[in-house]
Amino acid sequence: MTAGRARRGGLVTFGESMGRVSADQIGLLDLCRSFTLSVGGAESNVAIAAARLGADATWAGRLGDDSVGDTIERRLRTEGVRSRITRDSGFTGLMVCTRRTNAGIRVDYHRAGSAGSRLTWDDIGDDLIREASVLHVTGITPALGDSARDTTLRAVRAARAAGVTVSVDVNYRSKLWAPHRAAPVLRELVAAADLVFAGPEEAGLVLGAQDDGPAHACDPLGRARALTALGPRDAVVKDGPRGCAAVLGGREYVRAAVPVRTVDPVGAGDAFVAGYLAELLAGGDAGTRLTTATRAGAYAVTVPGDCEGLPFRHELDSFAAAEDVAR
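Residues numbered from 1 in each chain as written. Predicted model: local features only at pLDDT ≥ 70, side-chain atom pairs only at ≥ 80, totals over all residues. Heavy atoms only, no water.

J.: How should the overall build of the protein chain be read in this particular structure?
T.: Within the protein chain, the secondary structure is distributed over nine helices and 14 strands. Evaluated residue by residue, the protein chain yields a buried proportion of 57% over its 327 residues. Pairs at least 24 residues apart make up 70% of the contacts formed inside the protein chain by residues separated by at least 6 positions. For the protein chain, the accessible surface area stands at approximately 13300 Å², while carbon and sulfur atoms represent 50% of it. (Helix = DSSP H or I, 4+ residues; strand = E, 2+ residues; numbered from the N terminus. Buried < 20%, exposed > 50% of the residue type's maximum accessible area, 1.4 Å probe, protein only. Contact = heavy atoms within 4.5 Å. Areas by Shrake-Rupley, 256 points an atom, 1.4 Å probe, with all protein chains shown as cover.)

As structure tokens, then:
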């Protein structure tokens, strides 16, 4: 937890959870003959992953009054995640995942006008925020619409007023909003956070940096340092297979990724965040938080699906953590 703040409840997060429809074969979508329905969504992924690692987790959101909404509600209950769910007469959003080749996954979203995009403050509430130890939000939710954006900003303000640690994952989605619209909102969220997670390019978007090369050519540690200058005490820059860099409590860390064979990269960043937050809630030191985060992220990419293959605590022992460097 942030220094000087008492630990109370667990993790609270909110946003849009969706059905994930995944083609079971590689190739053109119209030639696939079988599909798997599962659950996706950054915030529910984090809640489920944190719960599997032993954290007390709550997810709040709005689901359609349909079979996909039923599936999501049952999944959260099965995973031991407490929920505050508003059922809406509209539909629950969908993400459709296909593999044209073995080289990567294409994700198409069907969420415009969904129940989740109409999230309001009444779906969350002051009481849920006040009971939390950590409020975790992402940059996806404010991109869904005006109401969802206002709810996210209000929740962050309520958490700060209540002394609740605020965690923000920038999680920029170009399919939801353009950079010029996203940047000021994301910067406001980051400035109000105690802890921020971002990829190198996402950090550049928040910072207004101009990149001359690919994301891996950026200086992740420098970007973490610059993010803390905006207000957060702690910043972690996730750099995929290149590991991560962090500034935590004024100390700088560089951590290599755990080498694994990638099967499905979707949800890896959420697993990373959940691993970090689970250890934060357990009182773990910076090294422990980064170790669990990198192991959880690595584990997540070795199995298909957003949340089905997320690791339990005992399963992380199969991954060897790289040594972190503290300066």
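Having seen the model, we can carry on.
J.: Can you walk me through the environment of Trp-121 in this structure?
T.: Relative to the helices and strands, Trp-121 is located in the loop between β7 (106–110) and α3 (126–130). For the pair Trp-121 and Arg-154, spaced 33 residues apart in sequence, the C-alpha to C-alpha distance is 7.8 Å. Ignoring sequence-local partners within four residues, the contact set of Trp-121 consists of Asp-126, Ile-129, Thr-151, Arg-154, Ala-155 and Ala-158.

J.: I tried to follow the packing of aromatic side chains on my own but got confused; where do I start?
T.: Aromatic rings considered in pairs are described by the distance between their centres and by the relative angle of their planes. In total, this model carries two aromatic pairs according to the counting rule given. A ring pair is formed by Phe-197 and Phe-272, whose centres lie 6.4 Å apart and whose planes are at 85°; its orientation type is edge-to-face. Of the two residues, Phe-197 is situated in strand β10 (residues 195–198) and Phe-272 in helix α8 (residues 268–281); the sequence distance between them amounts to 75 residues. Given the relative accessible area of 0%, Phe-197 is considered buried. Considering the side-chain rings of Phe-197 and Tyr-276, the 5.4 Å spacing of their centres and the 85° angle between planes classify their relative orientation as edge-to-face. Placement of Phe-197 in strand β10 and of Tyr-276 in helix α8 is noted, with a sequence separation of 79 residues between them. Across the pair, Tyr-276 and Phe-197 agree in class, each one buried. Put simply, the rings of Phe-197, Phe-272 and Tyr-276 touch in pairs and so form one group of aromatic residues. (Phe/Tyr/Trp six-rings, centres within 6.5 Å; stacked < 30°, edge-to-face > 60°.)

J.: I would appreciate a short explanation of the pattern of salt bridges in the present structure.
T.: Close approach of charged atoms lets side chains of opposite charge pair. According to the stated counting rule, one finds 20 salt bridges in the structure shown. For Arg-111, the salt bridge goes to Glu-16, with nearest N and O atoms at 3.0 Å. Taken together, the residues span a long stretch of sequence, with Arg-111 in the loop between β7 and α3 and Glu-16 in the loop between β1 (11–14) and β2 (18–26) at a distance of 95 residues. With its nearest N and O atoms 3.9 Å apart, the salt bridge here joins Arg-160 to Asp-194. Of this pair, Arg-160 sits in helix α4 (residues 146–161) while Asp-194 sits in the loop between α5 (179–191) and β10; the two residues are 34 residues apart in sequence, bridging distant segments of the chain. You can call Arg-160 partly exposed: its relative accessible area is 38%. The buried category is assigned to Asp-194, whose relative accessible area is 7%. In this structure, a network of salt bridges that share partners links the residues Arg-62, Asp-88, Arg-118 and Asp-123. (Salt bridge = Lys/Arg side-chain N within 4 Å of Asp/Glu carboxyl O.)

J.: Just to check I follow, could you spell out the nonpolar core for this structure?
T.: Within soluble globular proteins, side chains that are nonpolar tend to cluster in buried spots. Leu-11, Phe-197, Val-236, Leu-248, Tyr-276, Leu-277 and Leu-290 are the most contacted members of the largest nonpolar core, which has 42 residues in total. Going through the elements one at a time, α1 (42–52), β4 (57–64), α2 (67–78), β10, β12 (244–248), α8 and α9 (286–301) are the ones with two or more residues in this core. Sorting elements by how many residues they give to this core places α8 first, with nine residues. Apart from the residues within four sequence positions on either side, Phe-197 is in contact with Ser-167, Val-168, Asp-169, Val-170, Val-236, Lys-238, Phe-272, Val-273, Tyr-276 and Leu-277. (Core = buried A, V, L, I, M, F, W, Y, C linked by side-chain atoms within 4.5 Å.)

J.: Explain helix α6 (residues 200–207) to me, please; I cannot follow it from the model alone.
T.: In terms of residue burial, α6 counts as a mostly covered element, since six of its eight residues are buried. Every buried residue belonging to α6 is among Pro-200, Glu-202, Ala-203, Gly-204, Leu-205 and Val-206, and all of these are buried. Residues of α6 that are buried make contact with α5, β10, α7 (220–229) and β11 (234–238). Gly-208 sits one or two positions beyond α6 and adopts a positive phi of about 75°.

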